[in-house]
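Inside the fold
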Amino acid sequence: MRNFSTWLLACFMVMFWVFRIIVALMAQLHQDFFITPFDETMEIILLFVVLACLVLVVKRKIAGALIYLFAYGMYFGADIATKVTALVEDASKFGLADYTALIISLIGVIIPVAVLLDLLADKNRKAHPKDKKTDWFYKNEAYDRKLDERADKNNYRTL
């Protein structure tokens, strides 16, 4: 993770994940909160799935971004579709809580799309792929230090 955009998206992922933890916790404690989860059991399952996806995204694995997009797309996408349909049919019945839920659902879909696009656009991941056959030799700092120690014992004088 060398790009600033990747760090920024990972921070947004964590912040949204913590927000969803608070939403799920408030629903489990039966406390009033400005948003409620659509399905409490699915919300808790998604929290653990997103935690695994977060680790995969930080490791620059596209599978993590795809799973993240699929999970949140299915969960929040259905809510976006129902809310937009209700908004188009009769906007007068649409309240502040509905608008808030729609915006949070949009954020829940935008972040995974941005993470996937960031991973697909990362040139460094494509230019420097991991090769376990040769990385042990070329990226081995212990071998480089040993080589440097041998090279420094040549006692040449510099004037």
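Structure: see above.
Okay, the overall build of the chain next. Scanning the chain from N- to C-terminus turns up seven helices and zero strands. Secondary structure of the chain in N-to-C order comes out as α-α-α-α-α-α-α. Counting all 159 residues of the chain, 28% fall into the buried class. Expressed as a percentage of contacts within the chain between residues at least 6 apart in sequence, the contacts between residues at least 24 apart total 64%. Accessible surface computed for the chain: about 11300 Å², of which carbon and sulfur atoms make up 66%.

Its identity as a non-glycine residue notwithstanding, His-30 has a phi of 55 degrees, on the positive side. In this fold, His-30 is placed in the loop between α1 (4-28) and α2 (40-58). For His-30, a relative accessible area of 70% gives the class exposed. Backbone geometry places Arg-60, a non-glycine residue, at a positive phi of 70 degrees. As for its position among the elements, Arg-60 is in the loop between α2 and α3 (62-89). The buried category is assigned to Arg-60, whose relative accessible area is 13%.

Moving on, we come to α3. The terminal C-alpha atoms of α3 lie 38 Å apart, and with 28 residues this matches the ideal 40 Å at 1.5 Å per residue to within 8%. A bend of about 35 degrees at Gly-73 is the largest found in α3. When we look at burial in α3, the residues that qualify are Gly-64, Ala-65, Tyr-68, Ala-71, Tyr-72, Tyr-75, Phe-76, Asp-79, Ile-80 and Lys-83. The secondary structure elements touched by the buried residues of α3 are α1, α2 and α4 (96-121).

In this section: α2. Its 19 residues give α2 an end-to-end C-alpha distance of 27 Å, which sits within 8% of 27 Å, the value for a rise of 1.5 Å per residue. Just past α2, the residue Arg-60 takes up positive phi, approximately 70 degrees.

This part is about the nonpolar core. Across soluble globular proteins, you tend to see nonpolar side chains buried next to one another. Membership of the largest hydrophobic core comes to 26 residues, with the highest contact counts inside it found for Met-13, Phe-16, Tyr-68, Tyr-72 and Val-115. Those elements that place two or more of their residues in this core are α1, α2, α3 and α4. The dominant element in this core, judged by the number of residues it contributes, is α1, at seven residues. Apart from the residues lying within four places of it in its own chain, the contact partners of Tyr-72 are Phe-16, Arg-20, Leu-46, Val-50, Gly-77, Gly-108, Val-109 and Pro-112.

Thresholds, definitions, all that
- Residues numbered from 1 in each chain as written.
- Predicted model: local features only at pLDDT ≥ 70, side-chain atom pairs only at ≥ 80, totals over all residues.
- Heavy atoms only, no water.
- Helix = DSSP H or I, 4+ residues; strand = E, 2+ residues; numbered from the N terminus.
- Buried < 20%, exposed > 50% of the residue type's maximum accessible area, 1.4 Å probe, protein only.
- Contact = heavy atoms within 4.5 Å.
- Areas by Shrake-Rupley, 256 points an atom, 1.4 Å probe, with all protein chains shown as cover.
- Expected span 1.5 Å × (residues − 1).
- Bend = angle between axes of the 7 residues up to and from the residue.
- Core = buried A, V, L, I, M, F, W, Y, C linked by side-chain atoms within 4.5 Å.

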